[in-house]
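Each chain is listed here by its residues.
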Amino acid sequence: MKIAPSILSADFANLQRDIELVEKNGADYIHIDVMDGHFVPNITFGPAMVKAIRPTTKLTLDVHLMITEPERYIVDFAKAGADIIGVHVEATAHIHRALQMIKNEGVKAEVVINPGTSVDQILHVLPLVDQVLVMTVNPGFGGQSFLPEMMSKIEELVELKNKFGYTFDIEVDGGVDDKTIGLCAKAGANVFVAGSYVYGADDPGERIQTLKEQLS
Ligand code: DX5
Ligand code: ZN
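Residues numbered from 1 in each chain as written. Chains lettered and ligands numbered in written order. Predicted model: local features only at pLDDT ≥ 70, side-chain atom pairs only at ≥ 80, totals over all residues.

## Examining the UniProt feature "binding site: substrate" (unreviewed entry) in the protein chain
Phase 1 of the analysis: The positions that UniProt labels "binding site: substrate" (unreviewed entry) are, in the present scheme, Ser-6, His-64, Gly-140, Phe-141, Gly-142, Gly-143, Asp-173, Gly-174, Gly-175, Gly-195 and Ser-196.
Phase 2 of the analysis: Relative to the elements of secondary structure, Ser-6 occurs in the loop between strand E1 (2-5) and helix H1 (15-24).
Phase 3 of the analysis: Ignoring sequence-local partners within four residues, the contact set of Ser-6 consists of His-31, Asp-33, Gly-142, Val-193, Ala-194 and Gly-195.
Phase 4 of the analysis: Its location among the elements puts Gly-174 in the loop between strand E7 (169-173) and helix H6 (181-187).
Phase 5 of the analysis: If near-sequence neighbours (up to four positions away) are discounted, Gly-174 is found in contact with Met-135, Thr-136, Val-137, Gln-144 and Phe-146. (UniProt positions renumbered as here; feature names shortened; annotations may be inferred. Helix = DSSP H or I, 4+ residues; strand = E, 2+ residues; numbered from the N terminus. Contact = placed C-beta atoms within 7 Å.)

Shown next, in the form of structure tokens:
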């Protein structure tokens with residue numbers, strides 16, 4: 001079970017402080033939301049930000065690309081120090097190639113599905129991936145409401161893992177808090193992104209501990 005705080009809700013003017021704070025309090029990954037203002041209606045960070053963050057933490061950098069044709073930037077994000085790169089199946093005509101490119105860079109490859117996308121759309125890339133991300137909100141912004149109806153996709157992925165012996169992790173992202181994390185874990189997710197629940201609090205460290213308690 002891994003907790004991945006999303007720095008989308010951190011204080012960008014004090015990013016190093018906010019990353020150290022969650023690292024000290026037991027976070028496992030740092031989740032970095034890359035948005036291009038095209039695939040999603042918001043703009044955030046590029047490879048230069050990942051490069052700047054890399055020396056500030058030992059934690060796994062989990063880079064979630066919400067950009068059109070992500071294959072154009074995979075090498076740049078890999079070189080910048082990403083440990084996991086996630087690409088949306090909806091963002092490219094060539095998801096298989098994009099995932100191969102990530103693996104060729106020696107980085108863990110993740111496929112991501114939006115709320116409106118079914119697991120069927122990624123069946124043929126499951127043998128390639130290290131992680132599958134099931135979005136539990138429509139991507140673009142922090143602080144949106146969790147969509148519980150996505151839990152059936154997690155259950156479907158668990159069945160496929162059992163049937164075919166896949167070993168990928170199952171990550172959830174969007175609206176994860178102390179109430180919804182248990183639903184995700186029960187369905188079979190094992191990596192939990194939390195943005196506003198962690199960084200929207202006066203004490204983000206305590207929030208991570210609360211999330212961990214819900215999983216124990
Ligand atoms: C949404 C991003 C999320 C976001 C989650 O597009 O992918 O990672 O930071 O934020 P919360 O946890 O506030 O829903
Ligand atoms: Zn994300």
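## What about helix H5 (residues 151-164)?
Phase 1 of the analysis: The terminal C-alpha atoms of H5 lie 20 Å apart, and with 14 residues this matches the ideal 20 Å at 1.5 Å per residue to within 8%.
Phase 2 of the analysis: Within H5, burial applies to Met-151, Lys-153, Ile-154 and Leu-157. Projected down its long axis, H5 shows its buried positions confined to an angular sector of 155 degrees, all on one face. Residues of H5 that are exposed and point over 90 degrees away from its buried face: Glu-159, Asn-162 and Lys-163.
Phase 3 of the analysis: Packing partners of the buried residues in H5 comprise strand E6 (131-135), E7 and H6. (Expected span 1.5 Å × (residues − 1). Buried ≥ 20, exposed ≤ 12 C-beta atoms within 10 Å, placed from the backbone. Arc of directions from axis to C-beta.)

## Concerning the site of ligand 1
Phase 1 of the analysis: Ligand 1 sits among 22 residues. The nearest are Ser-6, Pro-139, Gly-142, Gly-195 and Ser-196.
Phase 2 of the analysis: Contributions of two or more residues to the shell around ligand 1 are made by strand E2 (29-35), strand E8 (191-194) and helix H7 (196-199).
Phase 3 of the analysis: Here the residues of the shell around ligand 1 are counted per class, giving eight nonpolar, 12 polar and two charged. (Near = placed C-beta within 6 Å. Nonpolar A, V, L, I, M, F, W, Y, C, P; charged D, E, K, R; others polar.)

## Side note on the confidence of the model for the protein chain
Phase 1 of the analysis: The pLDDT averaged across the protein chain works out to 98; a share of 100% of its residues lies at or above 70.
Phase 2 of the analysis: Prediction confidence for the complex, expressed as pTM and ipTM, is 0.98 and 0.99 respectively. (pLDDT = per-residue confidence, 0-100.)

## Comments concerning the UniProt feature "binding site: a divalent metal cation" (unreviewed entry) in the protein chain
Phase 1 of the analysis: Summarizing the sequence annotation, UniProt attributes the feature "binding site: a divalent metal cation" (unreviewed entry) to His-31, Asp-33, His-64 and Asp-173 in the numbering used throughout. On the basis of their most widely separated C-alpha atoms, the annotated residues across 143 residues gather in one place, lying no more than 10.5 Å apart.
Phase 2 of the analysis: With respect to the helices and strands, the residue His-64 is situated in strand E3 (residues 60-66).
Phase 3 of the analysis: With 27 C-beta atoms counted inside 10 Å, the residue His-64 sits in the buried group.
Phase 4 of the analysis: Within the secondary structure, Asp-173 sits in strand E7.
Phase 5 of the analysis: Here Asp-173 falls in the buried class, since 26 other C-beta atoms lie within 10 Å of it.
Phase 6 of the analysis: In this structure Asp-173 touches His-64, Leu-133, Met-135, Thr-136 and Val-193, once residues within four positions along its chain are discounted.

## Observations concerning the nonpolar core
Soluble, globular proteins show a tendency: their nonpolar side chains are buried together.
Phase 1 of the analysis: Among the nonpolar cores identified, the biggest contains 67 residues, and Val-63, Ala-82, Ile-85, Val-87, Val-132, Val-134 and Phe-192 are the most heavily contacted of them.
Phase 2 of the analysis: The leading source of residues in this core is E2, at five residues.
Phase 3 of the analysis: Not counting residues up to four positions away in its chain, the partners in contact with Ile-85 are Val-63, Leu-65, Ile-74, Phe-77, Ala-78, Ile-102, Val-107, Ala-109 and Glu-110. (Core = buried A, V, L, I, M, F, W, Y, C linked by C-beta atoms within 7 Å.)

## With respect to the sheet that holds E1
Phase 1 of the analysis: The strand order across the open sheet built from eight strands is E1-E8-E7-E6-E5-E4-E3-E2, with neighbouring strands paired in parallel fashion. With partners counted over all chains shown, the strands left at the sheet margins are E1 and E2, one partner each. Strand-to-strand twist across the sheet, computed as the mean angle between neighbouring axes with direction ignored, equals 25 degrees.
Phase 2 of the analysis: By the bridge criterion, five bridges tie E6 to E7 in an arrangement that is parallel. Considered in E7, the bridge of Met-135 is made with Asp-173.
Phase 3 of the analysis: Helix-sheet contacts for helix H4 (residues 95-104) involve strand E4 (84-88) and strand E5 (108-113), and the interaxial angle to E5 is about 150 degrees. (Pairing = 2+ DSSP bridges. Axes fitted to C-alpha atoms, helices over the stretch in contact; angles between N-to-C directions.)

## Points about the environment of Ser-216
Phase 1 of the analysis: Here Ser-216 is to be found in the segment after helix H8 (204-215).
Phase 2 of the analysis: Taking the number of C-beta atoms within 10 Å as the measure of exposure, Ser-216 has 5 and is therefore exposed.
Phase 3 of the analysis: Separated by 200 residues in the primary sequence, Ser-216 and Gln-16 place their C-alpha atoms 29 Å from one another.

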